[in-house]
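Each chain, letter by letter, is given below.
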Protein chains: 2
Amino acid sequence: MRIEFISTGDEVLSGQIVDTNAAWISQQFFDQGRTFTRRHTVADDLASLIDIITETSHRADVVIMNGGLGPTSDDLSAEAAAKAMGVPLTLSQAWYDHLVAKYAKSNRSLSVSNEKQAWLPQGSEVVDNPVGTACGFSFKFNRARFYFTPGVPSEFKHMVAEQILPDIQQRFATVSVPTLIKIKTFGISESVLNEQLQALNLPDSITLGFRVDFPMVEIKLLSTNSADLQQARARVVAEIADFILFEGDFSFAEYLQKMMLDKGKTLSLAESCTGGMIASELIAVAGSSGYLDSSHVTYSNESKSRLVNVKQTTLANHGAVSIEVAAEMAEGAMLNAGVDFGIAVSGIAGPGGGSDEKPVGTVAFALSSKTGTYSQLLFIPRWSRQGIRTVALYIALDMLRRALLGLDLAAEFGSVERRDERVEEK
Amino acid sequence: MRIEFISTGDEVLSGQIVDTNAAWISQQFFDQGRTFTRRHTVADDLASLIDIITETSHRADVVIMNGGLGPTSDDLSAEAAAKAMGVPLTLSQAWYDHLVAKYAKSNRSLSVSNEKQAWLPQGSEVVDNPVGTACGFSFKFNRARFYFTPGVPSEFKHMVAEQILPDIQQRFATVSVPTLIKIKTFGISESVLNEQLQALNLPDSITLGFRVDFPMVEIKLLSTNSADLQQARARVVAEIADFILFEGDFSFAEYLQKMMLDKGKTLSLAESCTGGMIASELIAVAGSSGYLDSSHVTYSNESKSRLVNVKQTTLANHGAVSIEVAAEMAEGAMLNAGVDFGIAVSGIAGPGGGSDEKPVGTVAFALSSKTGTYSQLLFIPRWSRQGIRTVALYIALDMLRRALLGLDLAAEFGSVERRDERVEEK
């Protein structure tokens, strides 16, 4: 089955916006066991649009067209479809009435430009858009079933998930929807993962996919054979257990929040080189106030002493990037905030500030709890300032995960090197 | 002139990676006054690759092909090009010698799979890759000049900027490279900007472009006529002065850092709903320790009192999201850290936690300095939790920009509504 996708619009073509719709829909189809055979990006002039509609109509079984359904004169997708098929545009009375009612609700009358959105190529079926004014539409032309969709991501995603994917599934029931397992890994590169998992020779019924969500790599296992899938899952987990953060379709912060709330634990942070990144990542999840008390972004040495009680002598003797300072930061955050866990990060994110002894990429971590403090000095090689900060964020959160699960806090992460560590028990 | 771009690879086609190379190169070409006529994404099987190479060779003047130059058996771009043209692959002795020397440096010998990267379609010219092992190559086929490029973004970008763009400029000297002015705006939507600037009827020599970098919108003005360009710039600035953050090709944090360091000012933050986002954005720029002392991520009410001296009575009487609490947070941050400016943000980012009086999107801001404290309560409508936090981040930083420039701190931002404000002078 050949499925093609067309993005329209000068904004996409000139790089003014990144085509996230294309990546998103590709993944949705992949997760349902279908893969695009080709994607296109074309300018929104009438000739280019007619060309691509005609070309794909002869070659594909399904064509999804994205963009160009708006109210302005630049929005030419419906007109191009009608011209390609040699049919007129006709008024969809149903969508017209829907628009009139929608505008009446906010005491407005329908403008001529919005009325345009109810004119569809003759013979089209309306595809509902409950969240916007542009209706989608669908028709058969030559070999292909076409779906026209709005460019606004929220409207597009809604329409694809709720209507187009189920419609394709019904019309082309050649593919059973597979079950999908997502496993999030950290500390192992996609190429190494790929090599190790290919070597397992999983059964042919299993489709293996990867998605990089830096610094995590997500493994996808798909199959319509659930016995095979469970067996494959077990073999994958056994092969790379040390690198698995969690399974499921949510973020690391969501995963940790659930565990923290379930266990009734509370947290405070002391961040230097991550500088608020860890707190911001956790607070991105609604309900994080249930366990996160505060973060102390102690960027200056003075603020490390003032906010989390780091001793002047510790700073003077060991420097700000040291397990000694990180340990005092984590303990200070925990005790001052009166919480169960304190986590601290202090490092050299570069590009300046490195030395022979402590090069750029040297980062100290500590986790304090009622039973004591674990601190470690790691060397995170090669990445940019943002890369080092992001990897540090994940290492810090992984320490919390390990503490909650009772695992060893000293994990191995691919090319990251441990240069020092200390355990202080209470 | 017709320019087309081809992305190859199942990873792009299945949405496992977002095609940022395509957006990046589109912008580079746009900035040089050239626009792609079409982009393609194809699977990395030999038949699909031969098809697209043949198809585009008849239609385009320039085709840039991205990906499939690696050492593995999946990397088929060179083979496909040779088959499409009906020529053999031949060894590029120059690139082979280069690879042997490169590997010798790290005491390794060249593997058979890496040697493959020196086999190019007969008649190709090598395009140097100083940062990787895959050389690019270029040839003429039918109407089109082809450039084959590696998929690794850093190698791709280097090759396009340093070699391919200059080569196209030399071969197709029909377009003079324009001068480019970038103006960053905030608080005005792209569609409204577009309408207002189209109405200026700028001269035909001016190309107007937009790039959304949420919540900023970047305006691009391009022209090869510098008198026209300066005049257009002045008219655009006059038209939308209130919404301009700055001009130039850097981030808002970089712009503010330069101003803070130039003026010798220092800053501390108190963040609630932004939760470390502001600090993290500022610390993303190397050298930020020159002016940023600390941020107090005071997510709980207790931490607001403990870290930035918010009074229990103020919290009880006005609630955490109020100009009174924001003002105390900003002043507490400034005084405790001993810095020139304190900035505070406290709001309801949702989706829960709103009330009739203070719905989701209600955010209190304050800026303290030696002359006093300005606080305002704004309503940021419609966006998601992350959207509200990001807009709040930009409003907070804009307050700092206005304070540094001696402008009125109460700015108008499109659909954002001011519900309360207070000035306390010292």
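Summarised in this report is the structure supplied together with it.

Rules and cut-offs
Residues numbered from 1 in each chain as written. Chains lettered and ligands numbered in written order. Predicted model: local features only at pLDDT ≥ 70, side-chain atom pairs only at ≥ 80, totals over all residues. Heavy atoms only, no water. Least-squares fit on C-alpha atoms with pLDDT ≥ 70 in both. Contact = heavy atoms within 4.5 Å. Phe/Tyr/Trp six-rings, centres within 6.5 Å; stacked < 30°, edge-to-face > 60°. Buried < 20%, exposed > 50% of the residue type's maximum accessible area, 1.4 Å probe, protein only. Helix = DSSP H or I, 4+ residues; strand = E, 2+ residues; numbered from the N terminus. Lys, Arg positive; Asp, Glu negative; His and termini not counted. Salt bridge = Lys/Arg side-chain N within 4 Å of Asp/Glu carboxyl O. Polar contact = N/O pair within 3.5 Å; in protein donor to acceptor, adjacent residues only side chain to side chain.

Each of the two chain copies can be brought onto the other by rotation about an axis and movement along it. Of the transformation superimposing chain A on chain B, the axial component is 0.3 Å and the angular component is 180°, with the fit at an RMSD of 0.3 Å. As the rotation angle and translation indicate, the two copies are arranged about a two-fold axis. Rotation axis and chain A: the residue whose C-alpha lies nearest the axis is G276(A), separated from it by 1.9 Å. When the interface residues of chain A are mapped onto chain B, 98% of them again lie at the interface, so the same face is used by both copies.

A word on the packing of aromatic side chains. All names here are of chain A. With the rule as written, the count across this model stands at 34 aromatic pairs over all chains. For the pair F141 and F146, a centre-to-centre distance of 6.3 Å together with 40° between the ring planes defines the contact as tilted. Taken individually, F141 and F146 each receive the classification buried, so the pair is uniform in this respect. Each ring, one from F252 and one from Y255, has its centre 6.3 Å from the other, and the planes form 25°; the classification is stacked. In this pair, F252 and Y255 both sit in helix α10 (residues 252-263), three residues apart, roughly one turn of the helix. For Y255, a relative accessible area of 18% gives the class buried.

This paragraph deals with the environment of R402(B). Residues and elements named next belong to chain B. Structurally, the position occupied by R402 is in helix α15 (residues 385-405). Taking C-alpha positions, R402 is 9.5 Å from L245, a pair spaced 157 residues apart along the chain. Aside from chain neighbours lying at most four places away, what touches R402 is D242, L407, D408, L409 and A411.

Here the focus is the side chain of K358(B). Residue and element names in this part refer to chain B. Within the element layout of this structure, K358 appears in the loop between β15 (341-347) and β16 (362-369). It turns out K358 is buried and unbridged, and the closest side chain with the opposite charge, E357, is 5.1 Å from it. Looking at K358, its side chain comes within polar contact range of the main-chain oxygen of H318, at 2.9 Å. At 2.7 Å, the side chain of K358 forms a polar contact with the backbone oxygen of V321. Excluding its chain neighbours within four sequence positions, the residues that come into contact with K358 are H318, V321, S322 and I348.

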